[in-house]
Amino acid sequence: MKNPGPKYRRVLLKLSGEALLGEADHGIDPDTLKTVAFEVGELRTMGVQVAMVIGAGNIFRGAVLADRGMDRVAADHIGMLGTVINALALQDELVRHPHQ
């Protein structure tokens, strides 16, 4: 019997920023980043197109500071920058190690 291949040709992977924490309480764990990139590479090797969305809960929580008096728009902007930081870190890992 012929291997039918993956069930889905396209997937959307939504990662919380906390998915990059590993064992840490904040930031980005390099080993966890490498694991995520490896698993995405596995999907790509199978011919699956992967779209990714990532959050920034590992870096910043705008709602917490807004509740403590920070301007909500400024807090949200800081949170969005955290998302960009996570996306850049993951992009770098995917480009440097597309699949090992």
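Structure: see above.
Residues numbered from 1 in each chain as written. Predicted model: local features only at pLDDT ≥ 70, side-chain atom pairs only at ≥ 80, totals over all residues. Heavy atoms only, no water.

Turning next to the overall build of the chain. A count of helices and strands for the chain gives 3 helices and 2 strands. Listed N to C, the secondary structure of the chain is β-α-β-α-α in terms of helices and strands. For 100 residues, the compact-globule estimate of 2.2 N^0.38 gives 13 Å, and the chain exceeds it by more than 25% at 16 Å. Relative to its 100 residues, the chain shows a buried fraction of 27%. (Helix = DSSP H or I, 4+ residues; strand = E, 2+ residues; numbered from the N terminus. Rg over C-alpha atoms; globule rule 2.2 N^0.38 Å. Buried < 20%, exposed > 50% of the residue type's maximum accessible area, 1.4 Å probe, protein only.)

This paragraph deals with the pairing of strand β1 (residues 10-15). Taken residue by residue, a regular strand's side chains alternate between the two faces of the sheet. Sheet topology note: the β1/strand β2 (residues 49-54) ladder contains 6 bridges and is parallel. What sits directly across from R10, in β2, is Q49. With helix α1 (residues 30-45) bridging β1 and the parallel β2, this β-α-β connection has right-handed handedness. (Pairing = 2+ DSSP bridges. Right-handed = clockwise from strand over helix to strand, strands pointing away.)

Now for the environment of I78. Note on placement: I78 falls in helix α3 (residues 72-96). Residues I78 and I59, 19 residues apart in the sequence, show an inter-C-alpha distance of 9.4 Å. Not counting residues up to four positions away in its chain, the partners in contact with I78 are F60 and M70. (Contact = heavy atoms within 4.5 Å.)

Okay, α1 next. In this model α1 runs 22 Å from its N-terminal to its C-terminal C-alpha over 16 residues, within 8% of the 22 Å that 1.5 Å per residue would give. Those residues of α1 that sit buried are T32, L33, V36, A37, V40 and G41. Elements in contact with the buried residues of α1: β1, β2 and α3. Once α1 ends, the next one or two residues include G47, with phi positive near 90°. (Expected span 1.5 Å × (residues − 1).)

With that out of the way, let us pick up the packing of α1 against α3. Two elements in contact, α1 and α3, have axes whose closest approach is 9 Å; the angle formed by their N-to-C orientations is 60°. With respect to α3, the element α1 is oriented oblique. Of the two elements, α1 crosses α3, and the hand of that crossing is right-handed. Contacts between α1 and α3 involve L33, K34, V36, A37 and V40 from the first element and A89, L90, E93 and L94 from the second. When grouped by side-chain class, the residues that make up the contact of α1 with α3 number 7 nonpolar, no polar and 2 charged. (Axes fitted to C-alpha atoms, helices over the stretch in contact; angles between N-to-C directions. Parallel < 35°, antiparallel > 145°, perpendicular 65-115°, else oblique. Left-handed = near helix turned anticlockwise from the far one by under 90°. Nonpolar A, V, L, I, M, F, W, Y, C, P; charged D, E, K, R; others polar.)

Here the focus is the pattern of salt bridges. Summed over all chains, the structure comprises 3 salt bridges. Ionic pairing is found between D92 and R96, a salt bridge with its closest N-O pair at 2.6 Å. Within this pair, D92 and its partner R96 are both found in helix α3, separated by 4 residues, close to a single helical turn. Assessed through its relative accessible area of 37%, D92 is described here as partly exposed. Through salt bridges that share partners, D92, E93 and R96 make up one connected network. (Salt bridge = Lys/Arg side-chain N within 4 Å of Asp/Glu carboxyl O.)

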